[in-house]
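Report on the structure
The residues making up each chain are set out below.
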Amino acid sequence: MKPTSASPGARALAASLRELRMTRGKGLRELARMVRILPQLLSAWEKGQRVPGPEDIARLLGALQIDDATYERMMRLARRAKDDNWLDSNPSDLPPALSGIVEYERTATRITNWYHAIVPGLLQTADYARTILSNSEIGLEQADAMLIARLNRQRVLTKADPVRLSALIGEVAVREAIGSTDIMSDQIDHLLEMMTLPNVSLRIVPANIGYHPGLIGSFILYEFADLPSIVHLESSHATAFLHESDVVGKYRKQARILAGTALGDDATRALLREVAR
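Predicted model, so just to flag it, every value in this text is computed and none were measured.

Digging into the overall build of the protein
- Looking only at helices and strands, the protein has 13 helices and six strands in total.
- Seen along its three principal axes, the alpha-carbon backbone of the protein occupies a region of about 60 × 40 × 35 Å.
- Counting only residues that meet the buried cut, the protein has 48% of its 277 residues in that class.
- Within the protein, contacts between residues separated by at least 24 positions form 73% of all contacts whose residues are at least 6 apart in sequence.
- When the accessible surface of the protein is totalled, it reaches about 13,700 Å², and 51% of it is carbon and sulfur.
- Here the protein carries 34 positive and 33 negative side-chain charges, and the mean point of each set is 4 Å from the other.

As structure tokens, this is what we get:
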């Protein structure tokens, strides 16, 4: 199942629909038979290759016998699945810190991030992101909004004048099973695909190399053309933005240290392919 180029809203709806079917223990062909549609059509909906209408989603939800709250949540996604401007038209859906991140990513010329144990948000597939958000301490409606935001943010990598991304990722992030085997396989394929973009550098920092400063925590460094750089730190319950020049300088130095320990491009590709087997 390859990542789709559909709108963020459509991709979020697809991931949510697939997750809901699987949690109800229904096979794809079984559910398609229940609502009298071709399995190929349902598969296309679940991959985000085609966008079902609200009436189609209503039929699927009826067949799955879901509760009222889930019905309303899914119908909101269905009604807005084709909205390319979800963030612009619905800013209240996002926490203030996330709105700031969106702006930094939109205006940055270069982003350097270090993630030890998970794949960075800008490089996550919809299914991988949905798995993380569904297991976070947030409500489902907020998880939906954050998933759409995360997918929409990824456009900074493919727009006309894309940001340059230098992603340093711990080996554990690609070996740790987040969701099913299929979800991780698709995620690894997506990383390999993103490495083909001229503005994206992705390198793996191997495990078991002893102490290095990245073990203390992840960070993101945003650099701008005409504004001071900003460092973003995030934990499960708090987020911080640092702008003091001496502090930013220390994180810039830390990024150089991590880059010095990371595998080269070819070795990173080889490791990703080995993990995917």
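Next, the rest of the story.
Some thoughts on the packing of aromatic side chains
- Summed over all chains, the structure comprises four aromatic pairs.
- Considering the side-chain rings of Tyr104 and Phe224, the 6.2 Å spacing of their centres and the 65° angle between planes classify their relative orientation as edge-to-face. Pair noted here: Tyr104 is in helix 7 (residues 96–107) and Phe224 is in the loop between strand 4 (219–223) and strand 5 (230–234), with a separation of 120 residues, a long-range link.
- A relative accessible area of 12% places Phe224 in the buried class.
- Linked through ring pairs, Tyr104, Tyr222, Phe224 and Phe241 together constitute an aromatic cluster.

Some words on helix 13 (residues 265–276)
- The end-to-end C-alpha distance of helix 13 is 17 Å, a good match for the 16 Å that twelve residues give at a rise of 1.5 Å each.
- When helix 13 is considered as a whole, its buried residues turn out to be Thr268, Leu271, Leu272 and Val275. End-on view of helix 13: buried residues confined to an arc of 100°, all on one side of the axis.
- Summarising the contacts, the buried residues of helix 13 are in contact with helix 10 (171–175), helix 11 (181–194) and strand 3 (200–205).

Examining the environment of Thr125
- Relative to the assigned elements, Thr125 resides in the loop between strand 1 (110–115) and helix 8 (126–134).
- C-alpha of Thr125 to C-alpha of Glu171: the two residues are 46 residues apart in sequence and 18 Å apart in space.
- A polar atom in the side chain of Thr125 sits 3.2 Å from the backbone nitrogen of Tyr128.

A few points about the pattern of salt bridges
- Following the criterion strictly, the structure yields twelve salt bridges and no others.
- Its salt-bridge partner being Asp127, residue Arg18 comes within 2.2 Å of it at the nearest N-O pair. With a gap of 109 residues between them, Arg18 in helix 1 (residues 8–23) and Asp127 in helix 8 connect regions that are remote in the sequence. Residues Arg18 and Asp127 agree in their burial class; the two are buried.
- Within this structure, Glu19, Arg73, Arg130 and Asp144 form a network of salt bridges that share partners.

Here's the deal with a nonpolar patch on the surface
- A cluster of nonpolar side chains, namely Tyr211, Leu215 and Ile216, defines an oily patch on the protein surface of about 380 Å² accessible area.
- If you trace the backbone, Tyr211 turns up in the loop between strand 3 and strand 4.

A closer look at the nonpolar core
- In this structure, Ile57, Leu123 and Leu157 are the most contacted members of the largest nonpolar core, which totals 66 residues.
- Once you skip the residues sitting within four places of it in the chain, Ile57 turns out to touch Leu13, Leu17, Pro52, Met74, Met75 and Ala78.
- Counting residues in hydrophobic clusters, the runner-up holds eleven residues, among them Val205, Phe219, Leu258 and Ala262.

Parameters at a glance
- Residues numbered from 1 in each chain as written.
- Predicted model: local features only at pLDDT ≥ 70, side-chain atom pairs only at ≥ 80, totals over all residues.
- Heavy atoms only, no water.
- Helix = DSSP H or I, 4+ residues; strand = E, 2+ residues; numbered from the N terminus.
- Buried < 20%, exposed > 50% of the residue type's maximum accessible area, 1.4 Å probe, protein only.
- Contact = heavy atoms within 4.5 Å.
- Areas by Shrake-Rupley, 256 points an atom, 1.4 Å probe, with all protein chains shown as cover.
- Lys, Arg positive; Asp, Glu negative; His and termini not counted.
- Charge placed at Lys NZ, Arg CZ, Asp CG, Glu CD.
- Phe/Tyr/Trp six-rings, centres within 6.5 Å; stacked < 30°, edge-to-face > 60°.
- Expected span 1.5 Å × (residues − 1).
- Arc of directions from axis to C-beta.
- Polar contact = N/O pair within 3.5 Å; in protein donor to acceptor, adjacent residues only side chain to side chain.
- Salt bridge = Lys/Arg side-chain N within 4 Å of Asp/Glu carboxyl O.
- Patch = residues over 30% accessible without salt bridge, like charges linked within 9 Å, V, L, I, M, F, W, Y side chains within 5 Å.
- Core = buried A, V, L, I, M, F, W, Y, C linked by side-chain atoms within 4.5 Å.

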